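Summary of structural features
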Amino acid sequence: MADVSPTVTDVPARRRYEARDAGAEGTVAGFAEYLLAGEMVVFTHTEVDPSYEGRGIGSALVRASLDDVRSRGMVVLPLCPFYKGWIQRHPEYEDLVYRRPPSSVTD
C-alpha cells in the first residue's frame, strides 16, 4: 500500500491531533491524544486505524504535531511509547522534550 499524505490538525475540544485522509472524504486515519500542562504538551496515546497501518500516518501525525508545538514555543513530554521512540529516531526534535531542571535540594 502507498503512503498517505494526511492533513494533520489540532482539535483542542477533543485534546488531540487528528490525521485525516483527504482522499477518503476526510476520514480520520489516526490521532494523538494529549494533555496540556502550562507550556507543556503531554502526549499520552497515539492510534492509527488498522486500515491505514504501515502507510506513514503515525509518522506524519507525530511530525506535524511536534512542528506545531515548536511553532507555539512549547515543550513536550512524550509518555506515549510511539512518540518517545519516534523522537529518539529523529534527534532534530529532541530539543522539544521537557528536561527537568537539576535539583538544588541538599540534605
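Per chain, residues are indexed from 1 in the order of the written sequence. Totals for whole chains, interfaces and linings use all residues, but because this is a predicted model, local features are given only for residues with pLDDT of at least 70 and pairs of side-chain atoms are given and counted only at 80 or more. Neither water nor hydrogens contribute to the side-chain values; these are computed over all heavy atoms in the structure.

Re the overall build of the chain
By definition, any uninterrupted DSSP run of H or I lasting at least four residues is a helix, any uninterrupted run of E lasting at least two residues is a strand, and each is numbered from the N terminus. Looking only at helices and strands, one finds two helices and five strands in the chain. Secondary structure elements of the chain, listed N to C terminal, follow the sequence β-β-β-β-α-β-α. Considering only C-alpha atoms, the chain reaches an extent of 60 × 30 × 20 Å along its principal axes. Put simply, 43% of the contacts in the chain that link residues at least 6 apart link residues at least 24 apart. Per-residue and other accessible areas follow the Shrake-Rupley method at a 1.4 Å probe size, with only the shown protein chains counted as cover for residues. Surface exposure of the chain reaches about 6600 Å², of which carbon and sulfur atoms provide 52%. Working rule for contacts: check all heavy atoms of both residues, and any pair within 4.5 Å makes them a contact.

Considerations on the nonpolar core
Residues belong to one nonpolar core when they are buried, are Ala, Val, Leu, Ile, Met, Phe, Trp, Tyr or Cys, and are joined through side-chain atoms within 4.5 Å. Relative accessibility under 20% of the residue-type maximum defines a buried residue, over 50% an exposed one, and the middle range a partly exposed one, all with a 1.4 Å probe and only protein chains included. The biggest cluster of nonpolar side chains holds 23 residues, and the ones touching the most others in it are Val-41, Phe-43, Leu-66, Val-69, Val-76 and Tyr-83. Broken down by secondary-structure element, the contributors of at least two residues to this core are strand E2 (16-21), strand E3 (27-37), strand E4 (40-48), helix H1 (57-71) and helix H2 (81-89). Tallying contributions element by element places H1 first for this core, with five residues. Residues contacting Val-41, with those up to four places away along its chain left out, are Tyr-34, Leu-35, Leu-36, Val-69, Met-74, Val-75, Val-76 and Leu-77.

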